[in-house]
Amino acid sequence: MATDYKFEGWMGLDADSANGNMVWQEFEPKQWEETDVDIKVTNSGICGSDLHTLRSGWGETPYPCVVGHEIVGVAVRVGSKAEGNIKVGDIVGVGAQSDSCLGRDGNCDECRHESENYCTNKVNTYAAVHRNGGKSYGGYALYHRCPSHFVIKIPDGLAPEFAAPMLCGGVTVYSPLKHFGAGPGKKVAIAGVGGLGHFAVLFAKALGADEVVGISRQLSKKDEALDLGCDEYIATEDDEEWAKNNARRFDLIISTIASEKMPVGDYLNTLSLNGTLVQVGAPEGPIQLPVFAVIPGRRSIAGSAIGSPKEIREMFQLAVEKNVKPWVEKRSMREANQAVIDMGEGKARFRYVLQN
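Here the structure is a predicted model, which means the values were calculated and not measured.

Here the focus is the overall build of the protein chain. Per the secondary structure count, the protein chain includes nine helices and 17 strands. On the principal axes, the C-alpha backbone points of the protein chain span a range of 65 × 45 × 35 Å. In the protein chain, which comprises 356 residues, the share counted as buried stands at 56%. Residue pairs at least 24 apart in sequence account for 70% of intrachain contacts in the protein chain once pairs closer than 6 positions are excluded. Counting only carbon and sulfur atoms, one obtains 47% of the accessible surface of the protein chain, whose full area is about 15300 Å². Side-chain charges of the protein chain comprise 37 positive and 46 negative groups, with the mean position of each set lying 3 Å from the other.

On to the packing of aromatic side chains, then. On inspection of all chains with the given rule, the structure shows ten aromatic pairs. Grouping aromatic residues by their ring pairs yields a cluster made of Y5, F7, F27, Y137 and Y143. Lying over the aromatic face of W32, R77 brings its terminal NZ or CZ to 3.7 Å of the ring centre. Across from the ring centre of Y352, 4.7 Å away, lies the NZ or CZ of R331, which sits over that ring.

In this section: helix α8 (residues 309–322). Compared with an ideal rise of 1.5 Å per residue, which puts 14 residues at 20 Å, α8 spans 20 Å between its outermost C-alpha atoms and is within 8% of the ideal. Every buried residue of α8 is listed here: P309, E311, I312, M315, F316, L318 and A319. Turning to α8, the residues buried within the fold contact β9 (151–153), α3 (160–179) and α4 (195–206).

Time to look at the domain arrangement of the protein chain. With domains assigned, the protein chain is organised as domain 1 (8–167 + 326–355) and domain 2 (170–303). Summarising the inter-unit geometry, the C-alpha centres of domain 1 and domain 2 are found 28 Å apart. Taken together, the contacts link twelve residues of domain 1 with 17 residues of domain 2. Both sides together, the interface formed by domain 1 and domain 2 hides about 1300 Å², and carbon and sulfur atoms give 61% of it. The three residues of domain 1 that bury the most area against domain 2 are M166, W327 and F350, which together make up 45% of that side's buried surface. Note that R55 is salt-bridged to E284, the shortest N-O span being 3.0 Å.

On to the environment of T42. Position of T42 among the secondary structure elements: in strand β3 (residues 36–45). Residues T42 and N356 lie 314 residues apart in sequence; the distance between their C-alpha atoms is 5.1 Å. If we ignore the near neighbours within four places in the chain, the residues touching T42 are V72, G73, V74, L354, Q355 and N356. Of note is the side chain of T42, whose polar atom sits 2.7 Å from the side chain of N43.

Cut-offs applied
- Residues numbered from 1 in each chain as written.
- Predicted model: local features only at pLDDT ≥ 70, side-chain atom pairs only at ≥ 80, totals over all residues.
- Heavy atoms only, no water.
- Helix = DSSP H or I, 4+ residues; strand = E, 2+ residues; numbered from the N terminus.
- Buried < 20%, exposed > 50% of the residue type's maximum accessible area, 1.4 Å probe, protein only.
- Contact = heavy atoms within 4.5 Å.
- Areas by Shrake-Rupley, 256 points an atom, 1.4 Å probe, with all protein chains shown as cover.
- Lys, Arg positive; Asp, Glu negative; His and termini not counted.
- Charge placed at Lys NZ, Arg CZ, Asp CG, Glu CD.
- Phe/Tyr/Trp six-rings, centres within 6.5 Å; stacked < 30°, edge-to-face > 60°.
- Lys NZ or Arg CZ within 6 Å of the ring centre and 35° of its normal.
- Expected span 1.5 Å × (residues − 1).
- Domains from an automatic or database assignment.
- Buried area = accessible area lost by both parts, 1.4 Å probe.
- Salt bridge = Lys/Arg side-chain N within 4 Å of Asp/Glu carboxyl O.
- Polar contact = N/O pair within 3.5 Å; in protein donor to acceptor, adjacent residues only side chain to side chain.

So this is what it looks like as structure tokens:
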């Protein structure tokens, strides 16, 4: 069945596209299946992953690609076998994952237990290949096609420009905060108060943590961190003894830092007995593991990747109930190239959301 709309978007043709050189082109979405949903994109958040992919920072990107995996829009075509009670006209979203094995025949324990984001056959929303062989293209575009299992209804009371960056940035920190118990009685530190980190502050507070402390290099972010809801702010460049002065203080650290130069040992030494550091920031090179900062406190280092459809729905509900409002700046889809440059230069406070 032919559609009366075209799939067009900002195409990255090579690593130079990260420097503001994406080009607007038509593309061919995955072949339509009756389990799919077509979405007319209204909002697409800019995520750090987009920049890493555009410049091949995590390995060679399969160009051409359209990035963007924080997609919100209107369902304009819904397959006869679509899940989720989605109807044409619904406001829906897609995060960083758009397909998996789904495990319904016992193929994958992760999918069967609603942890699809850890499926070994996970398909990313862009720069990947669907099970039917079609290439996945992201949300810097007019339209997006996605298997319905990974299409999430946006609840009433949540503005689309807020929902969009939650679909990756938000759930990337919500998931480990919830999993590792960042609630009443817990002291939580957020390493890196930026795009991901500001979400971590908001959700740690929404989950009821006793204490939420922001940690970043520069003192210049202090006022913003406190305005977000941090109980305290630590600027590591301003206090050489910061790790010593906060020894064994935190039950949980969510690290959004994506630099190989991260002082892992210092952060680990601020963990309490049995404390956990969860790494969600993904650097483009290796990080050294100081084992003698782990052993003496029976500490743990964990990782966490995006979130499952179930977790996204839970996060959205919490956001509505607790009136969680991320700090976003709306940008026109037409100025995506400049917005990507600005994001790379750290100008966002704290997320850019492209709008058609």
